[in-house]
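Examination of the molecular architecture
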Amino acid sequence: MSNQTILEVENLTVNFDVSSEGDMPWTKAKKLQAVNDISFSLSAGETLGVVGESGCGKSTLARAIVKMVPAESGKVVWLGNDLLGLSHSEARQYRKQIQMIFQDPLASLNPRMNIGEIIAEPLRTHYPKTPESDVKARVRDVMHKVGLLDNLVNRYPHEFSGGQCQRIGIARALILKPKLIICDEPVSALDVSIQAQVVNLLMDLQEEMDLALIFIAHDLSVVKHISTKIMVLYLGNMVELANSNDIYQSPSHPYTQALISAVPIPDPNVEKNKELILIEGDLPSPINPPSGCVFRTRCQKAQDICSQQKPEYKEVATSHSVACHFND
Ligand code: SF4
């Protein structure tokens, strides 16, 4: 691992304008706060796990980093260049260094193309003058890297299992030799045994290629083995960010503590006796978030101040930051 900082996200905020059925043309659109004031950095070879329940802004954060959705404010600094300040054509040269893989592996592959064409497509798009023999050699190389036999190159996506489709998606992401892969819930649609294979494959590739990863999941057990640090999101807000060990050994935010309590423990005796912290109620609407602390409507530790003041995001230990009034 080279430890070079490759990505710095500073105060990134993404809002969407939403209108309701029955709104008149002159009715002012409401703001949906999808991602609110998020900052973090990532070094080569590191994995940031991003965790939170559905609707917490994980995928929007990923898409804002690669300019697939527009940010309201903030910076995304990639190798010293603020991508958000560049036009799409200017950002394109950096975009090829950042690739994405998606949740539904089959739906993310074009059913009319064979897998050789699917994997080669980014290379042909970004480097159209690459000789065909080199394209074929690169396709074979990345297929080997992800454990696919190159005699499968003329097959179509529907002929593969979910796990194999995700390997094809990873091969397609690798063909441009990226420095960062953003994995948007890449194993959520897969069986548990296949999930482990895909996570192990990503870890092997990361070591071999000094790749950085942003690995998005909705529960902490999935990101446990792959992440060097973990960000916990709630309603578009970062509530805790720490090294992976610190999150699991000493979670500070009540939401993180509840998520950790739900992670299964392999020892049946410990699992049987552990305290499960329930999060009651539904996720509030991001169009009308709670005043003060966004988690207060579901927090067992909430007090009066929690509805009156938004907690500052503070460092409680080295590289361990939390947004809660009671974590000094
Ligand atoms: S600030 Fe209050 S409501 Fe928010 S997490 Fe801390 S104790 Fe709970």
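Please read all numbers here as calculations on a predicted model, not as lab measurements.

Observations concerning the overall build of the chain
- Secondary structure assignment for the chain yields 11 helices and 12 strands.
- Whereas a compact globule of 328 residues would reach a radius of gyration of roughly 20 Å, the chain reaches 21 Å, a difference of no more than 12%.
- C-alpha atoms of the chain, sized along the principal axes, occupy 70 × 60 × 40 Å.
- Within the chain, buried positions represent 47% of all 328 residues.
- For the chain, the exposed surface amounts to about 16400 Å²; the carbon and sulfur share of it is 48%.
- Positive and negative side-chain charges of the chain, numbering 31 and 38 respectively, have mean locations separated by a distance of 6 Å.

Quick notes on the packing of helix 3 (residues 115-126) against helix 4 (residues 132-145)
- Taken N-terminus to C-terminus, the directions of helix 3 and helix 4 make an angle of 115 degrees; their axes are 10 Å apart at the nearest point. Classed by the angle they form, the pair helix 3 and helix 4 counts as roughly perpendicular. Read as a crossing pair, helix 3 and helix 4 show a hand that is right-handed. Judged by residue contacts, Ile115, Gly116, Ile119, Ala120, Leu123 and Arg124 of helix 3 engage Glu132, Val135, Arg138, Val139, Val142 and Met143 from helix 4.

Focus on the pattern of salt bridges
- Applying the stated criterion across every chain, the model contains 11 salt bridges.
- A salt bridge links arginine 63 to aspartate 184, with the shortest nitrogen-to-oxygen separation between them at 2.7 Å. With arginine 63 in helix 1 (residues 58-65) and aspartate 184 in strand 7 (residues 180-184), this residue pair connects regions lying 121 residues apart in the sequence.
- We note a salt bridge from glutamate 132 to arginine 124, for which the minimum N-O separation is 2.4 Å.
- A network of salt bridges, in which partner residues are shared, links Asp141, Lys145 and Glu208.

Observations concerning the site of the ligand
- His253, Pro254, Cys293, Arg296, Cys299, Lys301, Ala302, Cys306, Cys324, His325 and Phe326 make up every residue found near the ligand.
- Broken down by class, the residue content of the shell around the ligand amounts to seven nonpolar, two polar and two charged.

A look at the nonpolar core
- With 59 residues, the main nonpolar core has Ile170, Leu202, Phe215 and Leu220 as its most contacted residues.
- Considering every element that reaches this core, the biggest residue donor is helix 5 (residues 162-174), with six residues.
- Counting residues in hydrophobic clusters, the runner-up holds 34 residues, among them Ala44, Leu83, Ile182 and Met238.

Observations regarding the pairing of strand 12 (residues 320-323)
- Neither face of strand 12 is open: one carries His320 and Val322, the other Ser321 and Ala323, and all of them are buried.
- Of the strand pairs in this sheet, strand 10 (residues 237-243) and strand 12 are connected by two bridges, and their pairing is antiparallel. Note on strand 12: the bridge partner recorded for glutamate 240 is valine 322.
- The sheet contact formed by strand 11 (residues 313-317) and strand 12 spans four bridges and is antiparallel.

So, the confidence of the model for the chain
- Put simply, the chain has an average pLDDT of 91, and 99% of its residues get 70 or more.
- Confidence, expressed as mean pLDDT per element, reaches its minimum in the chain at helix 10 (residues 268-273) with 82 and its maximum at strand 9 (residues 229-234) with 97.

What about the pairing of strand 1 (residues 5-18)?
- Here 10 bridges tie strand 1 to strand 2 (residues 30-43), and the two strands are oriented antiparallel to one another. By the bridge assignment, valine 18 is partnered in strand 2 with lysine 30.
- Of the strand pairs in this sheet, strand 1 and strand 4 (residues 73-78) are connected by five bridges, and their pairing is antiparallel. Within strand 4, the residue paired with glutamate 10 across the bridge is lysine 75.

Let's talk about the environment of leucine 32
- Among the secondary structure elements, leucine 32 is positioned in strand 2.
- Considered as a pair, leucine 32 and isoleucine 181 are 149 residues apart in the sequence and their alpha carbons are 27 Å apart.
- Every residue in contact with leucine 32, bar those within four places of it in the chain, is listed here: Val14, Asn15, Phe16, Val18, Pro286 and Ile287.

Quick notes on unusual backbone geometry
- Positive phi, close to 50 degrees, is recorded for lysine 177, a residue that is not glycine.
- Summarising the element assignment, lysine 177 is placed in the loop between helix 5 and strand 7.
- Residue class for lysine 177 comes out exposed when judged on its relative accessible area of 57%.
- Phi is positive for leucine 235, close to 50 degrees, though the residue is something other than glycine.

Notes on the side chain of histidine 320
- Along the chain, the position of histidine 320 falls in strand 12.
- For histidine 320, a relative accessible area of 3% gives the class buried.

Some words on helix 3
- Restricting attention to buried positions, one finds in helix 3 the residues Ile115, Gly116, Ile118, Ile119, Ala120, Pro122 and Leu123.
- If you follow the buried residues of helix 3, they end up packed against helix 4 and helix 5.
- Taking the backbone nitrogen of glycine 116 as reference, a side-chain oxygen 3.0 Å away marks asparagine 114 as the first, capping residue of helix 3.

Examining the side chain of glutamine 257
- Locating glutamine 257 in the fold gives a position in helix 9 (residues 254-261).
- There is a polar contact of 3.3 Å between the side chain of glutamine 257 and the backbone oxygen of serine 252.
- At 2.9 Å, the side chain of glutamine 257 forms a polar contact with the side chain of lysine 301.
- The contacts of glutamine 257, once residues within four sequence positions are left out, are Pro251, Ser252, Ile277 and Lys301.

Rules of the game
- Residues numbered from 1 in each chain as written.
- Predicted model: local features only at pLDDT ≥ 70, side-chain atom pairs only at ≥ 80, totals over all residues.
- Heavy atoms only, no water.
- Helix = DSSP H or I, 4+ residues; strand = E, 2+ residues; numbered from the N terminus.
- Rg over C-alpha atoms; globule rule 2.2 N^0.38 Å.
- Buried < 20%, exposed > 50% of the residue type's maximum accessible area, 1.4 Å probe, protein only.
- Areas by Shrake-Rupley, 256 points an atom, 1.4 Å probe, with all protein chains shown as cover.
- Lys, Arg positive; Asp, Glu negative; His and termini not counted.
- Charge placed at Lys NZ, Arg CZ, Asp CG, Glu CD.
- Axes fitted to C-alpha atoms, helices over the stretch in contact; angles between N-to-C directions.
- Parallel < 35°, antiparallel > 145°, perpendicular 65-115°, else oblique.
- Left-handed = near helix turned anticlockwise from the far one by under 90°.
- Contact = heavy atoms within 4.5 Å.
- Salt bridge = Lys/Arg side-chain N within 4 Å of Asp/Glu carboxyl O.
- Near = heavy atom within 4 Å.
- Nonpolar A, V, L, I, M, F, W, Y, C, P; charged D, E, K, R; others polar.
- Core = buried A, V, L, I, M, F, W, Y, C linked by side-chain atoms within 4.5 Å.
- Pairing = 2+ DSSP bridges.
- pLDDT = per-residue confidence, 0-100.
- Polar contact = N/O pair within 3.5 Å; in protein donor to acceptor, adjacent residues only side chain to side chain.

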